[in-house]
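# Structural overview for review
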Amino acid sequence: QVQLVESGGGLVQPGGSLRLSCAASGFTFSRYAMSWYRQAPGKERELVAGITSTGITTTYADSMKGRFTISRDNAKNTAYLQMNSLKPEDTAVYYCNAVGSDSGSVKSVYWGQGTQVTVSS
């Protein structure tokens, strides 16, 4: 059974930091690119950051560059999102996403259930 379980969300003051984790199981984690998305109330889901299966290449949405860092530990089947200098506009549900293939042919896409991040004083 495929699972992506996010954790680490919560309430934080502006300027604070949080580290989100995404624990994966049920598929070959090291064969999948991982991404974090977020969705604020009344808005569409947007890409926050992505990392390739090897961890060599990362990408970020412009508004997150310099504040957020995506990483992964293939030995632990876990992806992370370190968020610093948080702003109220970062408030959203953050989702973990995996895209790849165990077989080398058919691509699979998996989503976690989301974790709430609230930035407020």
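Above this text you will find the structure in question.
Residues numbered from 1 in each chain as written. Predicted model: local features only at pLDDT ≥ 70, side-chain atom pairs only at ≥ 80, totals over all residues. Heavy atoms only, no water.

## Thoughts on the sheet that holds strand β7 (residues 68-73)
- Ordered in space as β1-β3-β8-β7, the 4 strands form an open sheet in which the pairing is antiparallel. Strands at the two margins of the open sheet, each flanked by one partner only, are β1 (3-7) and β7. The mean angle between the axes of side-by-side strands here comes to 15°, regardless of whether they run parallel or antiparallel. (Pairing = 2+ DSSP bridges. Helix = DSSP H or I, 4+ residues; strand = E, 2+ residues; numbered from the N terminus. Axes fitted to C-alpha atoms, helices over the stretch in contact; angles between N-to-C directions.)

## Concerning the side chain of Ser35
- Assignment of secondary structure puts Ser35 in strand β4 (residues 32-39).
- Assessed through its relative accessible area of 14%, Ser35 is described here as buried. (Buried < 20%, exposed > 50% of the residue type's maximum accessible area, 1.4 Å probe, protein only.)

## Topic: the state of the cysteines
- Counting across every chain of the model gives 1 disulfide.
- Each sulfur of the disulfide joining Cys22 and Cys96 lies 2.0 Å from the other. The sign of the S-S torsion, about -80°, decides the handedness of the disulfide formed by Cys22 and Cys96: left-handed. Highlighted residues: Cys22 in strand β3 (residues 18-25) and Cys96 in strand β9 (residues 92-100), separated in sequence by 74 residues. (Disulfide = S-S within 2.5 Å.)

## Some remarks on the side chain of Ser101
- In this fold, Ser101 is placed in the loop between β9 and β10 (108-111).
- Exposure remark for Ser101: the relative accessible area of 11% places this residue in the buried category.
- There is a polar contact of 3.2 Å between the side chain of Ser101 and the backbone nitrogen of Ser103.
- Within polar-contact distance, the side chain of Ser101 engages the backbone nitrogen of Ser105 at 3.3 Å.
- Discounting chain neighbours no more than four positions away, the residues touching Ser101 are Arg31, Tyr32, Val106 and Lys107. (Polar contact = N/O pair within 3.5 Å; in protein donor to acceptor, adjacent residues only side chain to side chain. Contact = heavy atoms within 4.5 Å.)

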